[in-house]
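# Structural overview for review
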Amino acid sequence: TQLLEQSPQFLSIQEGENLTVYCNSSSVFSSLQWYRQEPGEGPVLLVTVVTGGEVKKLKRLTFQFGDARKDSSLHITAAQPGDTGLYLCAGAEAGGGADGLTFGKGTHLIIQP
Amino acid sequence: EPEVTQTPSHQVTQMGQEVILRCVPISNHLYFYWYRQILGQKVEFLVSFYNNEISEKSEIFDDQFSVERPDGSNFTLKIRSTKLEDSAMYFCASSLRRGEAGGRQFFGPGTRLTVL
């Protein structure tokens, strides 16, 4: 069974600060996706990283896939209150053996004005 | 932008009753999925469906669950005899390709199932 560990579980920071959220596993993933989920809604895809070492930027959000494709990070620069939400990482099993995504438990992020 | 839709948004049922949750995936997508999220817990994969048959299912997806694509647009999840522990948000997702590189899954807004 593949597991994805996200850290921290909760993070509350002031507007303007930078932060990094981590997603780690002992398993190799063919791709890793980051989602944002609002209360009572479904996860909304932010980005997919596929290649080991890949870095993708989405405005103030920077996503990185580890070289070994076992871990990923999400870095937010100059966080804003609108970034508040639940951030989920989810991985697709390497080798094409599975269709379903493995999700982490998520990071609850609060940006205080 | 095309999106996955789900109905109803909230379903309340009595223990032992059958429920059917409905989803309309993105129209050109070929792979369909159901996930569930028990309150306060992580999103868990239930089942994937391709070419009118189940391609993968998790341990959660036991004999009380079934899926169907009855008319080429809807994708349904049936729970035959609901239990209290089936209370959760159920998310439908679809993708153009398989859940590997490039197989990005797009999620619906979910159906909140409450079993009393």
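Located above this text is the structure these notes cover.
In this text the structure is predicted, and so the values were computed from the model without any measurement.

We now examine the pairing of strand β7 (residues 65-68) of chain B. All names here are of chain B. Only one face of β7 is covered, namely the one carrying F65 and V67; the face carrying S66 and E68 has none of its residues buried. Across 4 bridges, β7 lies against strand β8 (residues 75-79) in antiparallel orientation. Paired with E68 across the bridge in β8 is T76.

Quick look at the interface of chain B and chain A now. Interfaces are often sized by the accessible area lost when the parts come together. The interface is formed by 23 residues belonging to chain B together with 26 residues belonging to chain A. At the surface where chain B touches chain A, the tally comes to 5 residue pairs in polar contact (both at pLDDT 80 or more). At the level of elements, β4 (31-37), β5 (44-50), β6 (53-57), β9 (88-95) and β10 (106-107) of chain B are the ones that each hand at least two residues to the side of chain B that touches chain A. It is β4(B) that contributes the most residues to the side of chain B that touches chain A, 3 residues altogether. Residues of the side of chain B that touches chain A, tallied by class, amount to 10 nonpolar, 7 polar and 6 charged.

Residue and element names in this part refer to chain B. The antiparallel open sheet is built from 4 strands, whose spatial order is β1-β3-β8-β7. Only two strands of the sheet have a single partner each, and these edge strands are β1 (5-7) and β7. Within the sheet, the average angular offset between the axes of one strand and its neighbour, ignoring direction, is 20°. When β1 meets strand β3 (residues 19-24), the two strands line up antiparallel, connected through 3 bridges. In the sheet register, Q6 faces β3, and the bridge partner there is C23.

This part is about the environment of B:M89. Assignment of secondary structure puts B:M89 in strand β9. According to the relative accessible area criterion, B:M89 is buried, its value standing at 6%. Linking B:M89 and B:S73, residues 16 residues apart in sequence, is a C-alpha distance of 22 Å. In this view, B:M89 contacts A:G40, B:Y35, B:R36, B:Q37, B:P109, B:G110, B:T111 and B:R112; residues no more than four positions away in its chain are not counted.

Calculation notes
Residues numbered from 1 in each chain as written. Chains lettered and ligands numbered in written order. Predicted model: local features only at pLDDT ≥ 70, side-chain atom pairs only at ≥ 80, totals over all residues. Heavy atoms only, no water. Buried < 20%, exposed > 50% of the residue type's maximum accessible area, 1.4 Å probe, protein only. Helix = DSSP H or I, 4+ residues; strand = E, 2+ residues; numbered from the N terminus. Pairing = 2+ DSSP bridges. Contact = heavy atoms within 4.5 Å. Polar contact = N/O pair within 3.5 Å; in protein donor to acceptor, adjacent residues only side chain to side chain. Nonpolar A, V, L, I, M, F, W, Y, C, P; charged D, E, K, R; others polar. Axes fitted to C-alpha atoms, helices over the stretch in contact; angles between N-to-C directions.

As far as function goes, none of this settles anything; it's purely spatial.
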